[in-house]
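Per-entry structural report
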Amino acid sequence: MASVSPYAKRFVSELTRQQIRRLIASGVRIDGRALDQYRDITIRTGVVNTADGSAEVSLGRTRVISGVKIGLGQPFPDAPDEGVLIVNAEILPHSSPYTEIGPPDEAAIELARVVDRGIRHSGFVDFKRLAIDPTKVYVVWVDLYVLNDDGNLVDASNLAAIAALRSTTLPVAVKDESGVIKLDKNNRVAMPTDLSKVPLSTSIGKIDSALFVDPNLEEELSLSGKIVITISQSSIVSVQKTMGFFTESELMQAVDMAYSAKQKLQEAVLKSLV
Amino acid sequence: MKQPPVPLLVEGKRADGRAPDQMREVKIEVGVVSNADGSAMVSYGNTVAVAAVYGPREMHPRHLSLPDRAVMRVRYHMAPFSTKDERKSPTPSRREIEISKVLREALEPAIFLEQFPRSRIDVFIEIVQADGSTRVASLTAASLALADAGIPMRDLVIGVSVGLINGVVVLDLNGLEDNYGEGDMPIGYMPNLGRFVLLQLDGAWTREQFAEALKLAIKGAEYVYGKAREALKAKYFEVAEEVAK
Amino acid sequence: MKFVAPRQLIFPGDVVATSDEVVEGAIYLDGNKYRAASIGLVEFREDKIVVVPLEGSYKPKQGDVVIGYVKDVLAMGWEIDIRAPFPAWLPLSEATSKYVDIERISLTSLLNIGDAVVATIKSIDLTDEFPVMLTLREGERLGKIESGIVYEISPVKVPRVIGKKGSMLSLLSELCDIIVGANGRIWAKCKSAEDELLLIKALAKIEAESHVAGLTDRVKALIESIKRAGQPRP
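As the structure is a computational prediction, the values presented were derived from the model and not from experiment.

**So, the pairing of strand E13 (residues 235-244) of chain A**
Counting buried positions along E13 of chain A gives nine out of ten residues, so the element sits mostly inside the fold. As defined by bridge partners, strand E12 (residues 225-232) of chain A adjoins E13 of chain A across eight bridges and the pair is classed as antiparallel. Bridging from a neighbouring strand, isoleucine 227 of chain A pairs with lysine 241 of chain A of E13 of chain A. Counted between consecutive antiparallel strands, the loop separating E12 of chain A from E13 of chain A contains two residues, among which glutamine 233 of chain A sits at a positive phi close to 50°. Across four bridges, E13 of chain A lies against strand E11 (residues 195-205) of chain B in antiparallel orientation. If you follow valine 239 of chain A over to E11 of chain B, its bridge partner there is leucine 201 of chain B.

Dropping the structure here:
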C-alpha cells in the first residue's frame, strides 16, 4: 500500500480559485470572513444515547458526530499504569459526492491520528485514572463520523472528540464472585477530564503568502499550503503539515495565529461544555 | 512521563554521548539499486533507510492518471526485522500509511510534477534497521533517489528530527530518546530555498522551544545536506579519478 | 551575474546565475535567479550558460528519431514502447504507404510483439489515449529492424554519443553502421563480433565518463589500443 497523489475529482474552477486568491490578498474570504475568523461553531453533547459519550459539532456546514465507547482491556506494555485511547475516523460516503465506500483511507487515518495526538499529549484525559489494576485498564474508543465535508475536518473532529469525551461516563469496574473484573453499566462516574487542558486544533491555510484559519472546502481546494497546530494551555502539543511548504517566518506566524485562535475556540468550548 | 532505563541527558550530554545539537554519524550512498532509475541509502546512526525511484513511467490503471501532472506514489515501509522488539508485521500499519502520506506531501512541493502529465513517479522506501528518526532518514533517501533518477526538482529535501529532553531541544532523536523524550518534531527542509515541507510535532512545547527547534532543524538539515552533496559528488568523482589514472 | 564555472558539477536548487544571464538546460527561474533543476554539468557556450543534466528519463519531442519495441498489436496499429512515460502509437496508415487489406492480412505479419522499429515522432498530444504518435514515413532508414543489435544508454547521454559536430558518432561509425535513437537506444550492425564488442565497450565508456573532459580522445585511444592488441604481431 502506498500513498498516491489524489485524483482531482474535488474540482474547483480556475475562476473561483482566482477569486479566492484576489480576495485573500485584500484580507477577506470568499464567504466574507476575516483571515482570523472561524465559521460558526455549535457543539451538542449527548446526541447518541447508545454510546457512553457523544457529541455533534457543526463548523459552518461541516458536520461531525463523535461517539465514545468504553471497554476493558490490557494496558500497553510501555505504559502499564495508563488507560488506552483509540481514535478512529470514518469519512462517510454521505459526506460529499466524491467520497467512496471503503475502509478508512489515508486521509481518514491521518485525521484520526492528528486528533489522537492532540488528546494524548495535552493531559486533557487523565489516563492514569483509567487504570484499574496492573492487568486491566479502561479502553476508550473514540469514533469520529464525518457526515458532511465542507472543509476543515480536523478542527471539527477535534472539537467533536473532546466534547464527546467530556460528556462520557465510565461504567464502574467491579469484581464479580470469581474475582473477574467487569463493568457495571448501571453505575457510572464522570470521565476524568480537565477542561483547562483541552487541546484545541487550528487548521491554517496558505494562499500565496497569506495565512488564514479554518479553510472551507472551496478554499481547501485552492490552497498552496496547509498546517494544523494544536495547543493545550500554553503548549504546542501537535503539529501536522499536510500540504505545500512554509518558511520559518510563516511557521512562526502560523503558531501565533493558532495561539490566538485557541483563546476564541476555548470560549466556544467552555460555553457549550460543563 | 515514562521513566527511561538510563538518564537521557546528564550535564549537557545525551545517553549516547552526543551534545544536544549533534547528529549521529550520517552515511549516505547514492545508486545502491542498479535496476532503479534512482536510489539511495541513508543512515542516521543505527537507522537505515533505502529508497528506490522508478519513473516517470506509464500510469496504470490509466484512468487514475492526472491530466496536468504526474501522480506520485510513495510507500514507507518497515522491514519485519527492523525493530528491536518482536517482529513487526509486514502489513502496513496506520502509522506507516500516515507516514507514506506526509512523505508524499513533503516530496511533491520539490518536484516539477507538471512536466510529466499522465505519468507516475514511484518512490519506495524501506526501513532496514530502525533506531528513531526513520521518517526523516527516509525523506533524505527519497529526495536523493529522485535526484539520482534525474527527475527535475526545485531543491533536495533533507529530513532531520528535533526533540525535547528534560526541557532541552535536541537534534536527531534515537529510538531511546523517541520513546522516553517529551517531544518529537520531524522536519523536512529544502536547504537552498529555506522551505519546510514536512513538519509534524507531538509532546508539549512552548512557543520559544518551537522557535528554537526550527533553528536547530535548519542547522541539522544543513549539516546533512553537506553530507548529501558529498555523496552525490562521490558518484561522479570516482569516475573522474578513475579516468585520471 | 554567474555563480558557476565551466564543467562545474551542480545539484538541484543550486544557483546558476541571475535572471539577466542567458541560461538553458535543466534549470528553473526562482524569483530573479536561475537554479539547477537536476544533477548537471555546467557548460559555457558562447554567451550562454547550459546546464546539461547527467541523469534523467526520455522526454519525447516531435521529430525525434527513436527506437521502439512493439508491445501490442491492435486492430488499426501497434502500441510501441519508446521508454517514454506514456504509450506511443504507430497507426497502420503511418507504417506503410501501401494499401493493406486488413480483412485478409494480419497486422502481426507486418510487425509483431517484440519486434524493434526505427520511427519518427510525428506528433504529441497529451489529451490523446496514446499521447505519442509515430510514423515510419517521414525520415530516412525508418522501419522494422531485421538484424544487428540494440544497445541502451541513459537518454541524457545521447548528445555525448553524437559528440561536438558529430565527432563521436563519426568515430564510432568507423566501426559499425549506427542509428542513434533520441530515446537512448542505439542500433548497430558491425562487420565482425570483435567490432561489435568494441563498440559496446566504447558506448559504456561514453555513458560512464560523459561528465569528464576529453571524452572523444579517450574513446579514440580505447578503440586504437584494443585494435592494436587484437592484431597479430608482425
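**Description of the sheet that holds strand E6 (residues 40-45) of chain C**
All names here are of chain C. In space, the four strands of this open sheet follow the order E1-E6-E7-E3, with mixed pairing throughout. At either end of the open sheet lies a strand with only one pairing partner, and these are strand E1 (9-10) and strand E3 (22-25). Alignment of E6 against strand E7 (residues 48-53), held across six bridges, turns out to be antiparallel. If you follow phenylalanine 44 over to E7, its bridge partner there is isoleucine 49.

**Here we look at the state of the cysteines**
Each disulfide consists of a covalent bond between the sulfur atoms of two cysteine residues. Residues and elements named next belong to chain C. For the structure on display, the rule yields one disulfide over all chains. One disulfide in the model links cysteine 176 with cysteine 190; its S-S distance is 2.1 Å. Here cysteine 176 and cysteine 190 share a disulfide; its torsion about the S-S bond, 100°, makes the bridge right-handed. Of the two residues, cysteine 176 is situated in strand E15 (residues 176-180) and cysteine 190 in strand E16 (residues 185-190); the sequence distance between them amounts to 14 residues. There is no split in this pair, since cysteine 176 and cysteine 190 are both buried.

**Brief notes about the nonpolar core**
With 142 residues, the main nonpolar core has Ile229 and Ile236 of chain A together with Leu146 and Phe210 of chain B as its most contacted residues. If one sorts the elements of this core by residue count, helix H4 (residues 207-244) of chain B sits on top with 13 residues. Counting 28 residues, the second-largest nonpolar core is a separate cluster that includes Trp78, Ile80, Leu90 and Ile179 of chain C.

**Regarding the pairing of strand E5 (residues 33-36) of chain C**
Residues and elements named next belong to chain C. Bridge count between strand E2 (residues 15-18) and E5: three bridges; the pairing is antiparallel. Bridged to threonine 18 within E5 is lysine 33. Looking at chain direction, strand E4 (residues 27-30) and E5 are connected through four bridges and run antiparallel. Following the sheet pairing, leucine 29 is matched in E5 by tyrosine 34. Linking two consecutive strands that pair antiparallel, namely E4 and E5, is a turn of two residues; a positive phi of about 65° is found at glycine 31 within it.

**Re the interface of chain B and chain A**
Taken together, the contacts link 44 residues of chain B with 39 residues of chain A. The contact between chain B and chain A buries some 3700 Å² in all, and 56% of this surface belongs to carbon and sulfur atoms. The largest contributions to the chain B side of the interface with chain A come from Arg94, Glu98 and Arg207 of chain B, which together make up 18% of the buried area. Linking chain B to chain A there are six salt bridges. Between glutamate 248 of chain A and lysine 215 of chain B there is a salt bridge whose closest N-O contact spans 2.4 Å. Across the contact surface, chain B and chain A share 21 residue pairs in polar contact (both at pLDDT 80 or more). When residues of the side of chain B that touches chain A are traced back to their parent elements, those giving at least two are strand E6 (71-78), helix H1 (94-107), E11 and H4 of chain B. Tallying contributions element by element places E11 of chain B first for the side of chain B that touches chain A, with eleven residues. In terms of residue class, the side of chain B that touches chain A is made up of 22 nonpolar, seven polar and 15 charged. Examined bridge by bridge, strand E1 (residues 3-4) of chain A and E6 of chain B share two bridges and lie antiparallel to one another. Paired with serine 3 of chain A across the bridge in E6 of chain B is valine 74 of chain B.

**Here we look at helix H1 (residues 14-25) of chain A**
Residues and elements named next belong to chain A. The terminal C-alpha atoms of H1 lie 16 Å apart, and with twelve residues this matches the ideal 16 Å at 1.5 Å per residue to within 8%. Here H1 has its buried residues at Thr16, Ile20 and Ile24. In a view along the axis of H1, the buried residues occupy a sector of 70°, so they form one face of it. Across from the buried face of H1, at angles greater than 90 degrees, the exposed residues are Leu15, Arg22 and Ala25. A positive backbone phi angle near 90° is found at glycine 27, which sits one or two residues after H1.

**Description of the side chain of serine 58 of chain A**
Relative to the assigned elements, serine 58 of chain A resides in strand E3 (residues 53-59). Not counting residues within four places of it along the chain, the set of residues in contact with serine 58 of chain A comprises Asp40, Ile41, Thr42 and Arg63 of chain A.

**Some details on the confidence of the model for chain B**
Confidence along chain B averages 95 in pLDDT terms, with 100% of residues attaining 70 or more. ipTM for the predicted complex: 0.93, alongside a pTM of 0.92.

**Observations concerning the packing of helix H4 (residues 193-208) of chain C against helix H5 (residues 215-230) of chain C**
All names here are of chain C. Their axes nearest at 10 Å, the elements H4 and H5 cross at an angle of 155°. For the element pair H4 / H5, the angle class is roughly antiparallel. As for how H4 packs across H5, the hand of that crossing is right-handed. Of the residues in H5, those in contact with Asp195, Leu198, Lys201, Ala202, Lys205 and Ile206 of H4 are Leu215, Arg218, Val219, Leu222, Ile223, Ile226 and Lys227. Taken together, the residues of the contact of H4 with H5 sort by class into eight nonpolar, no polar and five charged.

**Quick look at the sheet that holds strand E5 (residues 47-58) of chain B**
Within a sheet, adjacent strands bond to each other through the backbone by hydrogen bonds, running parallel or antiparallel. Spatially, the six strands line up as an open sheet ordered E1(A)-E6(B)-E7(B)-E5(B)-E4(B)-E3(B), and their pairing is mixed. Each edge of the open sheet is held by one strand with a lone partner, namely E1 of chain A together with strand E3 (26-30) of chain B. When E6 of chain B meets strand E7 (residues 119-129) of chain B, the two strands line up parallel, connected through eight bridges. Paired with valine 71 of chain B across the two strands is arginine 120 of chain B, which belongs to E7 of chain B. Seen against the sheet, H4 of chain B touches E3 and strand E4 (38-44) of chain B and runs at an angle of roughly 35° to E3 of chain B.

**Details of unusual backbone geometry**
Glycine 55 of chain B connects to proline 56 of chain B through a cis peptide bond whose omega is 0°. Here the bond from histidine 60 of chain B into proline 61 of chain B is cis, since omega is -10°, no more than 30 degrees from zero. On the secondary structure map, proline 61 of chain B appears in the loop between E5 and E6. The phi dihedral of asparagine 152 of chain A is positive, around 55°, even though this residue is not glycine. On the accessibility criterion, asparagine 152 of chain A (0% relative accessible area) is buried. Look at lysine 165 of chain C: it is not a glycine, yet its phi comes out positive at around 50°. Note on placement: lysine 165 of chain C falls in the loop between helix H2 (158-162) and helix H3 (167-173). You can call lysine 165 of chain C exposed: its relative accessible area is 90%.

Cut-offs and rules
- Residues numbered from 1 in each chain as written.
- Chains lettered and ligands numbered in written order.
- Predicted model: local features only at pLDDT ≥ 70, side-chain atom pairs only at ≥ 80, totals over all residues.
- Heavy atoms only, no water.
- Buried < 20%, exposed > 50% of the residue type's maximum accessible area, 1.4 Å probe, protein only.
- Helix = DSSP H or I, 4+ residues; strand = E, 2+ residues; numbered from the N terminus.
- Pairing = 2+ DSSP bridges.
- Disulfide = S-S within 2.5 Å.
- Core = buried A, V, L, I, M, F, W, Y, C linked by side-chain atoms within 4.5 Å.
- Contact = heavy atoms within 4.5 Å.
- Buried area = accessible area lost by both parts, 1.4 Å probe.
- Salt bridge = Lys/Arg side-chain N within 4 Å of Asp/Glu carboxyl O.
- Polar contact = N/O pair within 3.5 Å; in protein donor to acceptor, adjacent residues only side chain to side chain.
- Nonpolar A, V, L, I, M, F, W, Y, C, P; charged D, E, K, R; others polar.
- Expected span 1.5 Å × (residues − 1).
- Arc of directions from axis to C-beta.
- pLDDT = per-residue confidence, 0-100.
- Axes fitted to C-alpha atoms, helices over the stretch in contact; angles between N-to-C directions.
- Parallel < 35°, antiparallel > 145°, perpendicular 65-115°, else oblique.
- Left-handed = near helix turned anticlockwise from the far one by under 90°.

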